[in-house]
Amino acid sequence: MDRNHLKRQVDFMKRSFLDQGYLDEQFIQLEELQDDDNPNFVEEIVTLFFNDSARLLQNIEQALVSGPIDFAKLDNYMHQFKGSSSSIGAKRVKDECTRFKEYCTAGNAEGCFRTFVQVKQEHATLRTKLETYFQLARQAGPPGTSRGQVR
């Protein structure tokens, strides 16, 4: 497959992630920071996010199952997770975090449990999608633009 075709696939994939609400404009802004000196910047940031978020998800799960539920602690963990998600443009994950925080504020344990399942699902889905995206972007090679963003 030629590089131009791969680059078009990468563009299409990114556009579909934006259109489907998996990502938002923050992801595009991260790509604009990427340049020839650091061609893997976005992938490195996203990898850091997934490594850090695994720890946060584990903390949240532990706080949920170790009763009694400390809603303030859960809200704090989810606040951190939501901020991290927002920083890479993970829109669906961030939206589920917002719902979870609303259940914390209401003291609704069942809502927290249900929404946490959704948070983990959106997180896993995004991880799979971005792994595929970055793999294809690497195959497509450098974007060849003056800003050096992955297209």
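Not measured: the values here are computed from a predicted model. (Residues numbered from 1 in each chain as written. Predicted model: local features only at pLDDT ≥ 70, side-chain atom pairs only at ≥ 80, totals over all residues. Heavy atoms only, no water.)

Engineer: I'd love a proper account of the overall build of the chain, names of residues and values included.
Structural biologist: Within the chain one finds 6 helices and 0 strands. The linear arrangement of helices and strands in the chain, starting from the amino end, is α-α-α-α-α-α. Across its three principal directions, the C-alpha atoms of the chain cover 55 × 25 × 20 Å. Counting over 151 residues, the chain shows a buried share of 39%. Considering only residue pairs separated by 6 or more positions, the chain has 68% of its internal contacts joining residues 24 or more positions apart. In the form shown here, the chain has an accessible surface area of approximately 8200 Å², with 49% of it arising from carbon and sulfur atoms. Of note, the chain has its 20 positive side-chain charges centred 3 Å away from the centre of its 22 negative side-chain charges. (Helix = DSSP H or I, 4+ residues; strand = E, 2+ residues; numbered from the N terminus. Buried < 20%, exposed > 50% of the residue type's maximum accessible area, 1.4 Å probe, protein only. Contact = heavy atoms within 4.5 Å. Areas by Shrake-Rupley, 256 points an atom, 1.4 Å probe, with all protein chains shown as cover. Lys, Arg positive; Asp, Glu negative; His and termini not counted. Charge placed at Lys NZ, Arg CZ, Asp CG, Glu CD.)

Engineer: For the UniProt feature "modified residue: Phosphohistidine" (unreviewed entry) in the chain, give the residues involved together with the corresponding values.
Structural biologist: Under the feature "modified residue: Phosphohistidine" (unreviewed entry), the UniProt entry names H79. Within the fold, H79 resides in helix α4 (residues 71-88). (UniProt positions renumbered as here; feature names shortened; annotations may be inferred.)

Engineer: Quick rundown of the nonpolar core? Include the residues and the values.
Structural biologist: With 39 residues, the main nonpolar core has F81, F100, L126 and L130 as its most contacted residues. Secondary-structure elements contributing two or more residues to this core are α1 (3-19), α2 (25-33), α3 (41-65), α4, α5 (91-106) and α6 (109-140). Top element by residues in this core is α6. It accounts for 10 residues. Excluding residues that lie within four positions of it along the chain, F100 makes contacts with I60, L64, L74, M78, C112, T115 and F116. (Core = buried A, V, L, I, M, F, W, Y, C linked by side-chain atoms within 4.5 Å.)

Engineer: Could you give an account of the environment of G107, naming the residues involved and the relevant values?
Structural biologist: With respect to the helices, strands and loops of the structure, G107 is situated in the loop between α5 and α6. Classification of G107 by relative accessible area gives partly exposed; the value is 38%. Considering only alpha carbons, one finds G107 and D35, 72 residues apart in sequence, at a separation of 46 Å.

Engineer: Which residues make up the packing of α3 against α4, and what values go with them?
Structural biologist: Taken N-terminus to C-terminus, the directions of α3 and α4 make an angle of 160 degrees; their axes are 10 Å apart at the nearest point. As the angle between them shows, α3 and α4 are arranged roughly antiparallel. The two elements α3 and α4 cross, and the hand of that crossing is left-handed. Judged by residue contacts, I45, V46, F49, D52, S53, L56, L57, N59, I60, A63 and L64 of α3 engage L74, Y77, M78, Q80, F81, S84, S85 and I88 from α4. Residue composition of the contact of α3 with α4, by class: 13 nonpolar, 5 polar and 1 charged. (Axes fitted to C-alpha atoms, helices over the stretch in contact; angles between N-to-C directions. Parallel < 35°, antiparallel > 145°, perpendicular 65-115°, else oblique. Left-handed = near helix turned anticlockwise from the far one by under 90°. Nonpolar A, V, L, I, M, F, W, Y, C, P; charged D, E, K, R; others polar.)

Engineer: So what's going on with the pattern of salt bridges? Which residues, and what values?
Structural biologist: Pairs can form between side chains of opposite charge once their charged atoms are near each other. As enumerated under the stated definition, the model contains 12 salt bridges in all. Across the pair D75 and K101 runs a salt bridge, and its minimum N-O distance is 2.9 Å. Separated by 26 residues along the polypeptide, D75 in helix α4 and K101 in helix α5 bring together distant segments of the chain. Of the residues examined, D75 reaches a relative accessible area of 23% and is grouped as partly exposed. Exposure remark for K101: the relative accessible area of 15% places this residue in the buried category. (Salt bridge = Lys/Arg side-chain N within 4 Å of Asp/Glu carboxyl O.)

Engineer: Please give an account of α4 that cites residues and values.
Structural biologist: If you check α4, its first and last C-alpha atoms are 26 Å apart, about what 18 residues at 1.5 Å a residue would give, namely 26 Å. Along α4, the residues that are buried comprise L74, Y77, M78, F81, S84, S85 and I88. Each buried residue of α4 lies within a common arc of 120 degrees when the element is viewed along its axis, so the set occupies one face. In the core, the buried residues of α4 are packed alongside α2, α3, α5 and α6. Of the residues flanking the start of α4, the one acting as N-cap is D70, its side-chain oxygen 3.2 Å from the backbone nitrogen of A72. (Expected span 1.5 Å × (residues − 1). Arc of directions from axis to C-beta. Polar contact = N/O pair within 3.5 Å; in protein donor to acceptor, adjacent residues only side chain to side chain.)

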